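Close look at the chain arrangement
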Amino acid sequence: MPSEATVTITVKLFASFRRGRFKEASRDYSAGARIADVIADLGIEPKDIGMIFVDGKHADPDRALRAGEALALFPLLGGG
Amino acid sequence: MIDADRAFLLAQGLDGLLSWAAQVRVAETLGLSLGEVEEAALVEGLLPSRYTRNCATFSIADQLRFRRARVGVVGCGGIGGYVVEGLARVGVGAIVAVDPDSFEESNLNRQLLCTIAALGTAKVDAAASRVAAINPAVTIVARRERLTRENGAQLLEGCAAVVDALDSIGARKELRAVCDDLATPMIHGAIAGWYGQICDAFPGDAALDRLYGRGDGPGEQTRLGNPAFTPMAAAAFQIAEVCKIIAGQGKPLRGRALMLDMSEGDVEVVAFADEAR
């Protein structure tokens, strides 16, 4: 069981961010963790991120995450 | 069209269809272009036989809308080659193809219009040859140049929709600005490896700002490359978006983006909660 000092969030990864990671996972972070902390924990380079959603809404990396929220990260796709 | 010409045209039809041979005959006899004959036939409710299999999906009125439409295709490589092909087969009357590049060997793995014989030739010239081979009634405007904020409006003026078949994020941002200036919907598609994304960006929509709003990296395609199947898939969705917008059918991918993961066989549509920018 997560302690009070942790928050459980759902992380959804899109496209190439799934490679070597996962598509969707429930993960525990310390209370007060920001989106940027999750990005660093996942080993994703901030410059490769195109879009960040929390519960379907656009969000900035310095936003703190609350228990039960769903974070979605989308990479930059530029080929054609 | 005068009554005698109309009567001649109608007499060439059979069971509501106009064969290609008859279309050529009408054009030669009446001194019209093949495109003019196609349009006149559709106005008279006569369907060129080549569109027989379109007609359970699109009405003759829709076919006439395609005939009268001009659509821009910016980039004639992986996605763009298929888009040009698809629009010509659908029966879009005029296609403006824009690309400064020539074919090279690394294009052979995926680009429809790239053949060994075409290596070193301009991509837009290959697009023009292909359209002429499929349907000479379709006008193709081949522009061998890079689209910029400066020349964009002149290149794409009058287009009902513009297909983004570019290969860099910076070029897409420029195209978005041009389409906003022209108040033309931009049909966005981008790929990398097994992955793709498709959405419609209508003037003022935030879609492209969202998708490319964050990082300043070059994009995953620089690491993952582009295999044969991802541009095909993205192009198919983009062609369908063009048809939907012109025919006023279906539900455009506006305010939403389709995220394609062909490695997982997975398609997910994500909505932009705050669509206006």
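Whatever comes next refers back to the structure up there.
My aim in this report is to walk through the structure given alongside it, one point at a time. (Residues numbered from 1 in each chain as written. Chains lettered and ligands numbered in written order. Predicted model: local features only at pLDDT ≥ 70, side-chain atom pairs only at ≥ 80, totals over all residues.)

So, about the overall build of chain B. Broken down by element type, chain B carries 11 helices and 10 strands. For chain B, the spread of C-alpha atoms along the three principal axes comes to 65 × 45 × 40 Å. Scored against the burial criterion, the 277 residues of chain B give a buried share of 47%. Taking contacts inside chain B between residues at least 6 apart in sequence as the whole, the part at least 24 apart equals 67%. (Helix = DSSP H or I, 4+ residues; strand = E, 2+ residues; numbered from the N terminus. Buried ≥ 20, exposed ≤ 12 C-beta atoms within 10 Å, placed from the backbone. Contact = placed C-beta atoms within 7 Å.)

What follows deals with the nonpolar core. Residues and elements named next belong to chain B. Val-73, Ile-95, Ala-97 and Ala-127 are the most contacted members of the largest nonpolar core, which has 92 residues in total. Counting residues per element, this core draws most heavily on helix H11 (residues 229-247), at 8 residues. Look past the residues within four positions of Val-73 in its chain and what remains in contact with it is Gly-80, Val-83, Val-84, Ile-95, Val-96, Ala-97, Val-163 and Ala-165. Leu-9, Leu-18, Val-26 and Leu-46 belong to the second largest nonpolar core, which has 12 residues in total. (Core = buried A, V, L, I, M, F, W, Y, C linked by C-beta atoms within 7 Å.)

Residue and element names in this part refer to chain B. Tracing the backbone shows Ala-228 in the loop between helix H10 (221-224) and H11. The spatial distance from the C-alpha of Ala-228 to the C-alpha of Asp-209 is 28 Å, given a sequence separation of 19 residues. What Ala-228 contacts, discounting residues up to four positions off in sequence, is Asn-109 and Arg-110.

For the rest of this paragraph, the subject is the interface of chain A and chain B. Each partner contributes to the interface: chain A provides 20 residues, whereas chain B provides 37 residues. Of all the secondary structure elements, the ones that give two or more residues to the side of chain A that touches chain B are strand E3 (49-54) and strand E4 (57-58) of chain A. The biggest single contributor to the side of chain A that touches chain B is E3(A), with 4 residues. Looking at the side of chain A that touches chain B residue by residue, the class counts come to 9 nonpolar, 7 polar and 4 charged. (Nonpolar A, V, L, I, M, F, W, Y, C, P; charged D, E, K, R; others polar.)

Moving on: the sheet that holds strand E5 (residues 70-75) of chain A. All names here are of chain A. If you trace the 5 strands from one edge of the open sheet to the other, you get E2-E1-E5-E3-E4, paired in mixed fashion. Only two strands of the sheet have a single neighbouring strand rather than two, namely strand E2 (24-30) and E4. Pairing analysis gives 5 bridges linking E3 to E5, with the strands arranged antiparallel. Each residue of the ladder has a partner; that of Val-54, found in E5, is Leu-71. (Pairing = 2+ DSSP bridges.)

For the rest of this paragraph, the subject is the sheet that holds strand E9 (residues 256-261) of chain B. All names here are of chain B. An order of E5-E4-E3-E6-E7-E8-E9-E10 is seen for the 8 strands of this open sheet, with the pairing classed as mixed. Across the chains shown, the open sheet's two edge strands, defined by having one partner strand only, are strand E5 (139-143) and strand E10 (266-271). Across this sheet, the average inter-strand angle for adjacent strands is 15°, counted without regard to direction. Sitting on the sheet, H11 is in contact with strand E3 (70-74), strand E6 (161-164), strand E7 (186-192), strand E8 (195-201) and E9, with an inclination near 170° to E7. (Axes fitted to C-alpha atoms, helices over the stretch in contact; angles between N-to-C directions.)

Residue and element names in this part refer to chain B. As a packed pair, helix H2 (residues 20-30) and helix H3 (residues 34-43) sit with axes 9 Å apart at the nearest point and diverge in direction by 110°. With respect to each other, H2 and H3 are oriented roughly perpendicular. Note that H2 runs across H3; the crossing there is right-handed. Residues Gln-23, Val-26 and Ala-27 of H2 form the contact with H3, whose own contacting residues are Leu-34, Val-37 and Glu-38. (Parallel < 35°, antiparallel > 145°, perpendicular 65-115°, else oblique. Left-handed = near helix turned anticlockwise from the far one by under 90°.)

What follows concerns unusual backbone geometry. Despite not being glycine, Ala15(A) shows a phi value in the positive range, around 50°. One can find Ala15(A) in the loop between strand E1 (6-13) and E2. What makes Ala15(A) buried here is the crowd of 25 C-beta atoms within 10 Å. Despite not being glycine, Asp15(B) shows a phi value in the positive range, around 50°. Looking at the secondary structure, you find Asp15(B) in the loop between helix H1 (3-12) and strand E1 (17-18).

To continue, consider the pairing of E8(B). Residues and elements named next belong to chain B. The buried fraction of E8 is high, at 7 of 7 residues. Side-chain alternation along E8 places Tyr-195, Gln-197, Cys-199 and Ala-201 on one buried face and Gly-196, Ile-198 and Asp-200 on a second face that is also buried. As paired strands, E7 and E8 are joined by 7 bridges and run antiparallel to one another. Looking across to E8, one finds that Ala-190 is bridged to Gln-197. Turn length for the E7-E8 hairpin, with the two strands adjacent in sequence and antiparallel, is 2 residues, and the turn residue Gly-193 shows positive phi of about 55°. Relative to E9, E8 is paired through 4 bridges, and the arrangement is antiparallel. The residue of E9 that forms the bridge with Gly-196 is Leu-260.

So, on to the environment of Ala133(B). Residue and element names in this part refer to chain B. With respect to the helices and strands, the residue Ala-133 is situated in helix H6 (residues 123-134). The exposure class assigned to Ala-133 is exposed, which follows from the 9 C-beta atoms found within 10 Å. Taking the C-alpha atoms as reference points, Ala-133 and Leu-155, separated by 22 residues in sequence, lie 24 Å from one another.

Just distances and angles here, no functional claims.
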